[in-house]
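One-letter residues, chain by chain:
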Amino acid sequence: MAFRCARVPLALLIASLACGSICWAEIAPVEYVDISPSVVMAENPNGSNLTCIALDDGLVFVDTGLVTEIAADFRTAMEERFKRSTKYLFLTHGHIDHIFAMAAFSDVKVVAASREKPLFEQQLATEWTEERKAAWSAIFPAFAEAFPTARPFLPSVWVEGQQTFGKGDSAVVFATTGGHTVGSSYAWFPSEGVLIGGDLVQVDKYPYFGDPTNDLSAWIDALKSWHEMEPTAVCPGHGRAVDKDYLRLEWEYFEQLVAALTKLKADGVPVEEAVVDASLPAAYWPDQAEPRWWKYCIASCYRSL
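Just so you know, these numbers come straight off a predicted model, no measurement behind them.

What counts, and at which threshold
- Residues numbered from 1 in each chain as written.
- Predicted model: local features only at pLDDT ≥ 70, side-chain atom pairs only at ≥ 80, totals over all residues.
- Heavy atoms only, no water.
- Helix = DSSP H or I, 4+ residues; strand = E, 2+ residues; numbered from the N terminus.
- Buried < 20%, exposed > 50% of the residue type's maximum accessible area, 1.4 Å probe, protein only.
- Pairing = 2+ DSSP bridges.
- Contact = heavy atoms within 4.5 Å.
- Axes fitted to C-alpha atoms, helices over the stretch in contact; angles between N-to-C directions.
- Salt bridge = Lys/Arg side-chain N within 4 Å of Asp/Glu carboxyl O.
- Polar contact = N/O pair within 3.5 Å; in protein donor to acceptor, adjacent residues only side chain to side chain.

To continue, consider unusual backbone geometry. Residue D63 is not a glycine yet carries a positive backbone phi of 65°. As for its position among the elements, D63 is in the loop between strand 4 (58-62) and helix 2 (68-82). Take D63: its relative accessible area is 2%, and that puts it in the buried class.

Here's what the structure looks like:
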């Protein structure tokens, strides 16, 4: 059975974001972290993380974050370090904080899941009203800085399911699982055991599962399948790199959440009481202020059961 989150009205979501008292990120320096001999992650508090994989015939970047200048600086640094040009940009999904800095890669092939194309088209058609910009700035303070130079565009390579780029030990797999969004995808670099999970892995923070196409069943399945692949390192969409054991924390939380919500619904508990019920599982992330969108995520999933 698929546990899909019901659609949250856009006006309600914008209002909840704009009124939130806690941000996912503060404006802070980006840290370049060596994950393996050929993989570097830019741990980025100003949007999503960016990751570079050095293949024999060129560099592959995964996601862009919000700020074009940050993405461009990371690209330049990696091209200088590995003495190779950039060949591809992979996008794990179409949320703005992962694609807004695409202008830094306008000269290379951009890869995404074909199932995600409607979300990309929706994001590119966004009317950036002052209200909407304020809502995004409430989540990511760097958004105001990012907006003037943001030039996102449609990917040029659409992948159905899975595709391998490169050859032999110098090859990376791009594959689609769904979960966080209908076309959520990941990159797998088997020769060094590195998995780049996009927002299917969000470390040390409240996980966002409020997208209208969110599917917790697919999300849980992806985490379990990755764990079986025994990666040596997992690069998340947000937060520090982790090992495979962190994946279990995520999927067990979601399983417990769905089980608790299913029982509450069977008992006829109203949604406004269900989202704060004591039976909901405890957080696996550190104590922090709750974002305003959190209860909307839980409520939308509750309604979909």
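Once that is clear, we can look at the pairing of strand 8 (residues 162-167). Relative to strand 9 (residues 170-176), strand 8 runs antiparallel, the two being bridged by six bridges. Counterpart to Q162 in the pairing with strand 9 is A175. Joining the antiparallel neighbours strand 8 and strand 9 is a turn of two residues, in which G168 adopts a positive phi near 55°.

Structurally, the position occupied by G239 is in the loop between strand 12 (233-238) and helix 8 (245-266). Along the primary structure G239 and Q202 are separated by 37 residues, whereas in three dimensions their C-alpha atoms are 6.3 Å apart. In this structure G239 touches M41, E43, N49, V203 and K205, once residues within four positions along its chain are discounted.

Spatially, seven strands are ordered 1-2-3-4-5-6-7 in an open sheet, and the strand pairing comes out mixed. A strand with exactly one partner marks an edge of an open sheet, and here the two such strands are strand 1 (31-36) and strand 7 (157-159). Sheet twist, expressed as the mean angle between neighbouring strand axes with direction ignored, is 25°. Examined bridge by bridge, strand 1 and strand 2 (residues 39-43) share five bridges and lie antiparallel to one another. What sits directly across from D34, in strand 2, is V40. Running at roughly 25° to strand 3 (residues 50-55), helix 2 makes contact with strand 1, strand 2, strand 3, strand 4 and strand 5 (86-90) of the sheet.

A complete count under the given rule lists eleven salt bridges for this structure. Its salt-bridge partner being K87, residue D57 comes within 2.7 Å of it at the nearest N-O pair. Placement of the pair is D57 in the loop between strand 3 and strand 4 and K87 in strand 5, with a sequence separation of 30 residues. The class for D57 is partly exposed, based on a relative accessible area of 43%. A salt bridge links K263 to D267; the nearest nitrogen and oxygen atoms lie 2.9 Å apart. On the accessibility criterion, K263 (55% relative accessible area) is exposed. In this structure, a network of salt bridges that share partners links the residues R75, E79 and D107.

Bringing the side chain of S38 into the picture now. You can see S38 is positioned in the loop between strand 1 and strand 2. For S38, a relative accessible area of 15% puts it in the buried group.

A few words on the side chain of T68. As for its placement among the helices and strands, T68 is situated in helix 2. A polar atom in the side chain of T68 sits 3.2 Å from the backbone oxygen of T149. Apart from the residues lying within four places of it in its own chain, the contact partners of T68 are F100, A101, A103, A104, T149 and A150.

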